[in-house]
Amino acid sequence: MRGPLKEQWNEFDWEAELKKDDARVDTYMRELPRYIDLPAEDAVIMKHIQEKPDLVPFNGDYRDSSLYELFEENEVDEEVDFADDWQKRDGADFFIAAGRLARLWAQYFASETSPEQTVAGMRILCLYGKLMARGADLIDMEDDEYPALRIALVKRLLSDVNQLMGELQRLSAKVPSASEKADFHFEHLMTFRDKVLALLAKYRSAKS
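Values in this document were obtained by computation on a predicted structure and should not be read as measured data.

(A) Examining the environment of Phe12 more closely. In this structure, Phe12 sits in helix α1 (residues 11-35). Along the chain, Phe12 and Ala148 lie 136 residues apart, while their C-alpha atoms are 8.2 Å from each other.

Have a look at this one:
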């Protein structure tokens, strides 16, 4: 997603592109159940996405987006390859915490959930995946690299946390049997959210 032309972008330019990237992935996930049993379903869905002018990436290159990584023909690393000092970098706390919470949610979802909460449970698990991806993006950046992108990433991370907390509240209200587990995750995300806000304040202070 980065490149020489984007070095002049401000946080709002970056945020607009990140929102567009999210929208492409969301569209893919919505369309997938309709075409999953068809041959070359990825190509069919990609055609639908490319027909939406508001989802075209910068420079029109769909390979430069998160969507490209979803397709089966692309190789996916089995392990995340971070620098040796990655646990000391910004974003590491988010990546680790989201990974642990996602694992706990997956264990609960696999063993305890009822059919009525399947869709909500999957949305929650996907949002945890997004939090990990945002954290990984921050970890992968050097301290002096794309300061405006860093701010935009943290703003999107905050948006994802808020969305996840909302999903947990709705699930707790709709399915009383899931409320204890949902409330446990919600409380941990409150701390998570405070740390995101602190990092956003740090980046804004460094920019001014």
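(B) Region of interest: the confidence of the model for the protein. On average, the protein scores 81 in pLDDT, and the residues at 70 or more come to 78%. No element of the protein has a lower mean pLDDT than helix α2 (residues 41-50), at 74, and none a higher one than helix α6 (residues 179-207), at 94.

(C) Region of interest: the nonpolar core. If you look at the biggest cluster of nonpolar residues, it comprises 41 residues, and the most contacted ones within it are Trp105, Tyr128, Leu131, Leu164, Leu168, Leu189 and Phe192. Looking at this core, the elements with two or more residues in it are α1, α3 (92-111), α4 (118-139), α5 (147-174) and α6. Looking at this core, the element that brings in the most residues is α5, giving 13 residues. Apart from residues lying up to four places away in sequence, Leu189 is in contact with Leu101, Tyr128, Leu131, Val161, Leu164, Met165 and Leu168. Membership of the second largest hydrophobic core comes to five residues, among which are Phe82, Phe95, Ala136 and Ile139.

(D) How the structure looks around the packing of α3 against α6. In the contact formed by α3 and α6, the axes pass within 11 Å of each other and the chain directions differ by 165°. With respect to α6, the element α3 is oriented roughly antiparallel. Both α3 and α6 take part in a crossing whose hand is left-handed. Judged by residue contacts, Phe94, Ala97, Ala98, Leu101, Leu104, Trp105 and Tyr108 of α3 engage Lys181, Ala182, Phe184, His185, His188, Leu189, Phe192, Lys195, Val196 and Leu199 from α6. The residue makeup of the contact of α3 with α6, split by class, is 13 nonpolar, two polar and two charged.

How each quantity is defined
- Residues numbered from 1 in each chain as written.
- Predicted model: local features only at pLDDT ≥ 70, side-chain atom pairs only at ≥ 80, totals over all residues.
- Heavy atoms only, no water.
- Helix = DSSP H or I, 4+ residues; strand = E, 2+ residues; numbered from the N terminus.
- pLDDT = per-residue confidence, 0-100.
- Core = buried A, V, L, I, M, F, W, Y, C linked by side-chain atoms within 4.5 Å.
- Buried < 20%, exposed > 50% of the residue type's maximum accessible area, 1.4 Å probe, protein only.
- Contact = heavy atoms within 4.5 Å.
- Axes fitted to C-alpha atoms, helices over the stretch in contact; angles between N-to-C directions.
- Parallel < 35°, antiparallel > 145°, perpendicular 65-115°, else oblique.
- Left-handed = near helix turned anticlockwise from the far one by under 90°.
- Nonpolar A, V, L, I, M, F, W, Y, C, P; charged D, E, K, R; others polar.

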